[in-house]
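# What the coordinates show
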There are 2 protein chains.
Amino acid sequence: MTKIATQVTIRHARRDDVGAIVLMLADDALGRARELLDEPLPASYVHAFDRLDADPNIQLVVAQDDSGAVVGCLQLCILPGLSSRGASRALIEDVRVASHCRGRGIGEQLVQWAIAQARARDCRLVELLTHHTRVDAQRFYERLGFQRSHVGMTIRF
Amino acid sequence: MTKIATQVTIRHARRDDVGAIVLMLADDALGRARELLDEPLPASYVHAFDRLDADPNIQLVVAQDDSGAVVGCLQLCILPGLSSRGASRALIEDVRVASHCRGRGIGEQLVQWAIAQARARDCRLVELLTHHTRVDAQRFYERLGFQRSHVGMTIRF
């Protein structure tokens with residue numbers, strides 16, 4: 001079955017999007033173990049939203065479909081630094097597409113938006129970490145021009 | 001030959017450290033191709049320093065030995081975000097030790113400082129990308145508790 005591409009609008013997330021975003025973050029095996037979907041949503045999520053929303057170097061965006069529903073998200077950080085002649089670099093995190101909307105080009109529109117932003121902000125590098133088990137994600141990013149150039153290493157407390 | 005550990009002082013970088021830091025960034029095969037060691041140093045480095053120095057979420061630190069010489073550096077970014085119940089995460093970048101001082105525990109002191117900072121700032125994750133060819137670096141990070149959990153993917157413009 002060929003799925004039809006869904007053209008989405010990408011806009012900055014608002015406080016009232018936090019619930020929809022956390023639902024998407026929780027909607028896979030890795031995320032389920034990490035998130036907490038209590039009702040009401042734990043205040044830590046809203047506090048985190050306020051912190052990132054106040055940071056001019058961080059953009060949390062959502063993909064919104066024609067009906068106004070939030071069907072994807074992505075966080076982009078523009079990080080100044082000395083290396084590469086003082087060029088900022090862009091870090092992409094928390095890319096998610098609602099499970100019932102996958103395969104429709106929504107993730108691609110989000111990531112292409114982020115790449116365009118990185119260019120507009122004079123970054124010379126876009127980087128991201130993807131869990132080694134997310135093989136589909138790695139293929140997706142390769143298709144968009146990313147290289148598997150690095151090892152992503154983490155400590156989780 | 002066993003090298004003697006060098007106890008260093010870790011302090012925030014100042015504008016007049018930029019030259020020493022760029023020398024370390026340029027001092028390996030990957031860095032040499034990316035940096036520009038003109039005299040005077042290209043203004044883009046100093047502008048980048050001013051940008052990162054103004055960002056409360058970014059700490060560029062240097063390791064200074066007893067003689068006052070800068071012998072290492074590390075950049076730590078504390079990134080707010082919604083995932084993991086709204087916990088910030090810490091990103092370590094641009095870890096370097098001057099080539100004549102390697103093997104003396106300086107890199108370890110820098111990274112342990114960053115891990116302690118991440119804990120103090122309530123992060124639940126410390127992450128970094130290391131080029132797949134930097135096999136020694138990967139062993140070094142594993143020894144400090146990092147796992148090779150992710151694939152690091154990049155686009156360079």
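Higher on the page you've got the structure.
Now for a look at the structure at hand.

Where a strand is regular, its side chains alternate between the two sheet faces. Residue and element names in this part refer to chain A. Of all nine residues that make up strand β4 (residues 89–97), nine are buried, and the element is covered over most of its length. Here β4 pairs with strand β5 (residues 125–131) via three bridges, running parallel. Pairing of A90 across the sheet is with V126, part of β5. Remark: the β4/helix α5 (residues 106–120)/β5 crossover connection has right-handed handedness.

Among the nonpolar cores identified, the biggest contains 98 residues, and F146 of chain A together with F146 of chain B are the most heavily contacted of them. Among all residues touching F146 of chain A, those that are not within four sequence positions of it are I92, V111, I115, V126, L128 and Y141 of chain A together with M153, T154 and I155 of chain B.

Let us now look at the side chain of S88 of chain B. On the secondary structure map, S88 of chain B appears in the loop between α4 (83–86) and β4 (89–97). Using a relative accessible area of 8% as the deciding quantity, one classes S88 of chain B as buried. In this view, S88 of chain B contacts R51 of chain A together with I78, L79, P80, D122, C123, R124 and L125 of chain B; residues no more than four positions away in its chain are not counted.

Right, let's get into the relation of the copies chain A and chain B. At an RMSD of 0.0 Å, chain A and chain B line up after a rotation of 180° and a shift of 0.0 Å along the axis. What the superposition gives is, in effect, a two-fold axis relating one chain to the other. An overlap of 100% is found between the interface residues of chain A and their copies at the interface of chain B, pointing to a shared contact surface.

Now for the packing of helix α5 (residues 106–120) of chain B against helix α6 (residues 135–143) of chain B. Residues and elements named next belong to chain B. The contact between α5 and α6 brings their axes to 11 Å, and the two run at 55°. Taken together, the axes of α5 and α6 are oblique relative to one another. By crossing handedness, the relation of α5 to α6 is classed as right-handed. On α6, the residues that touch G107, E108 and V111 of α5 are F140, Y141 and R143. The residue inventory of the contact of α5 with α6, partitioned by class, reads three nonpolar, one polar and two charged.

This part covers α5 of chain B. Between its first and last C-alpha atoms α5 of chain B spans 21 Å; for 15 residues at 1.5 Å apiece the expected length is 21 Å, and the two agree. Looking only at α5 of chain B, the buried set comprises I106, G107, Q109, L110, V111, W113, A114, I115 and A118 of chain B.

What counts as what
Residues numbered from 1 in each chain as written. Chains lettered and ligands numbered in written order. Predicted model: local features only at pLDDT ≥ 70, side-chain atom pairs only at ≥ 80, totals over all residues. Heavy atoms only, no water. Buried < 20%, exposed > 50% of the residue type's maximum accessible area, 1.4 Å probe, protein only. Helix = DSSP H or I, 4+ residues; strand = E, 2+ residues; numbered from the N terminus. Pairing = 2+ DSSP bridges. Right-handed = clockwise from strand over helix to strand, strands pointing away. Core = buried A, V, L, I, M, F, W, Y, C linked by side-chain atoms within 4.5 Å. Contact = heavy atoms within 4.5 Å. Least-squares fit on C-alpha atoms with pLDDT ≥ 70 in both. Axes fitted to C-alpha atoms, helices over the stretch in contact; angles between N-to-C directions. Parallel < 35°, antiparallel > 145°, perpendicular 65-115°, else oblique. Left-handed = near helix turned anticlockwise from the far one by under 90°. Nonpolar A, V, L, I, M, F, W, Y, C, P; charged D, E, K, R; others polar. Expected span 1.5 Å × (residues − 1).

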